[in-house]
Amino acid sequence: MEKIVILTGAGISAESGLGTFRDEGGLWAQHRIEDVATPEGFARDPALVHAFYNARRVQAAQAQPNAAHRALARLQRDWPGEVVIVTQNVDGLHEAGGASGVIHMHGTLAGALCAACGHRWPAPAEMAVDEPCPACAGPTARPDIVWFGEVPYSMDQIYGHLAQADIFAAIGTSGQVYPAAAFVHEAIAAGARTVELNLEPSAGVSSFDETLFGPATQVVPRWVDLLLGQR
Ligand code: APR
């Protein structure tokens, strides 16, 4: 049965009230990437970085999954083949919406990572600057988020899924950050049919066989209905 690989970005969580990065007034209009989303920024001012992620962690914990998250969970449940969700998001809303096996290539707000020994543990809602690592006791805790200049998680696993994709969908991503922005080319090389579901054309829109424009809570359930109607 056909395998579906889905890449999601901040746009799928926009209607849950979580900001995107590059839209008008987005997170990168409010904060400098080099200050809050790089290892150098964290080394320079850990308190600023913790404050940025603490605010996002509290906001994400209060957010609810929307119809788009729930539609992808329904697709995983009802599609006879494998459905793999790879997300750039760190908000945990795919799981809250019922999805499983989600690959978080940029980490998750819910995770803490020890910069010294690499230990991971569930992050407290508000992580302190000198949060002790439960394993090595160092005051070296950081958010378990993949920053610019760092290698995203699970790339071998992701490329393995893309190599087997029959259908590839990119949902709610501007297609401006690599390696995720190139996943569509991996899927095309594997012979997959490709579709972009977004509020507006992404930077990579011309690579897709099909596009469905509109708010994710409208276009994603419609797309899932179409797929399931084709079974
Ligand atoms: N429904 C569907 N798409 C939407 C909606 C919506 N309601 N609102 C916004 N979008 C689209 C925008 O048109 C845009 O193309 O979502 C996309 C969001 O793009 P970005 O803000 O660039 O977010 P994303 O593509 O996820 O960024 C990728 O960049 O900064 C890094 O690590 C960060 O994971 C992030 C990565």
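Residues numbered from 1 in each chain as written. Predicted model: local features only at pLDDT ≥ 70, side-chain atom pairs only at ≥ 80, totals over all residues. Heavy atoms only, no water.

### Side note on the side chain of H106
Then, number 1: Note that H106 resides in the loop between strand 3 (103–104) and strand 4 (107–114).
Then, number 2: For H106, a relative accessible area of 16% translates into the label buried.
Then, number 3: Looking at H106, its side chain comes within polar contact range of the main-chain oxygen of Q88, at 3.1 Å.
Then, number 4: In this structure H106 touches T87, Q88, V90, D144, I145, V146 and P152, once residues within four positions along its chain are discounted. (Helix = DSSP H or I, 4+ residues; strand = E, 2+ residues; numbered from the N terminus. Buried < 20%, exposed > 50% of the residue type's maximum accessible area, 1.4 Å probe, protein only. Polar contact = N/O pair within 3.5 Å; in protein donor to acceptor, adjacent residues only side chain to side chain. Contact = heavy atoms within 4.5 Å.)

### Considering the packing of aromatic side chains
Then, number 1: A complete count under the given rule lists eight aromatic pairs for this structure.
Then, number 2: On the numbers, 6.0 Å between centres and 25 degrees between planes, the contact of W28 with F52 is stacked. Note that W28 is positioned in helix 1 (residues 27–30) and F52 in helix 4 (residues 46–62), a separation of 24 residues in sequence.
Then, number 3: In this structure W28 comes out as buried when scored by relative accessible area, which is 19%.
Then, number 4: Relative accessible area serves as the criterion here: at 5%, F52 is assigned to the buried category.
Then, number 5: Residues Y53 and W147 carry aromatic rings whose centres are separated by 6.2 Å and whose planes lie at 40 degrees to one another, so their mutual orientation is tilted. Here W147 lies in the loop between strand 6 (141–145) and helix 7 (155–163) and Y53 lies in helix 4, a separation of 94 residues in the sequence.
Then, number 6: For W147, a relative accessible area of 3% puts it in the buried group. (Phe/Tyr/Trp six-rings, centres within 6.5 Å; stacked < 30°, edge-to-face > 60°.)

### Here we look at the UniProt feature "binding site: substrate" (unreviewed entry) in the chain
Then, number 1: As annotated by UniProt and renumbered to match this structure, "binding site: substrate" (unreviewed entry) occupies Y53 and R56.
Then, number 2: Residue classification places Y53 among the buried residues on the basis of a relative accessible area of 2%.
Then, number 3: Discounting chain neighbours no more than four positions away, the residues touching Y53 are V36, A37, L109, P143, I145 and W147.
Then, number 4: On the secondary structure map, R56 appears in helix 4.
Then, number 5: For R56, a relative accessible area of 14% puts it in the buried group.
Then, number 6: When residues no more than four places from it in sequence are discounted, the contact partners of R56 are F21, L27, V90 and L109. (UniProt positions renumbered as here; feature names shortened; annotations may be inferred.)

### Some points on unusual backbone geometry
Then, number 1: In this structure, P179 follows Y178 across a cis peptide bond, with omega equal to 10 degrees.
Then, number 2: Turning to its location among the elements, P179 is positioned in the loop between strand 7 (167–171) and helix 8 (183–189).
Then, number 3: In this model, A137 sits at a positive phi of 65 degrees, which is unusual for a non-glycine residue.
Then, number 4: Relative to the assigned elements, A137 resides in the loop between strand 5 (120–122) and strand 6.
Then, number 5: Within the chain, S154 stands out as a residue other than glycine whose phi angle is a positive 60 degrees.

### Quick look at the environment of S16
Then, number 1: Of note, S16 is situated in the loop between strand 1 (4–8) and helix 1.
Then, number 2: The buried category is assigned to S16, whose relative accessible area is 14%.
Then, number 3: With 48 residues separating them along the chain, S16 and Q64 place their C-alpha atoms 5.8 Å apart.
Then, number 4: Once residues within four sequence positions are removed from consideration, S16 is found in contact with A63, Q64, P65, N66, H69 and L93.
Then, number 5: Among the polar contacts listed, one links the side chain of S16 to the side chain of N66, at a separation of 3.0 Å.

### Quick word on the nonpolar core
Then, number 1: I4, I6, L72, L75, V220 and W223 are the most contacted members of the largest nonpolar core, which totals 25 residues.
Then, number 2: Of all the secondary structure elements, the ones that give two or more residues to this core are strand 1, helix 5 (67–78), strand 2 (83–87), strand 7, strand 8 (193–198) and helix 9 (216–229).
Then, number 3: Counting residues per element, this core draws most heavily on helix 9, which supplies seven residues.
Then, number 4: Here V220 is in contact with A68, A71, L72, I171 and L197, once residues within four sequence places are set aside. (Core = buried A, V, L, I, M, F, W, Y, C linked by side-chain atoms within 4.5 Å.)

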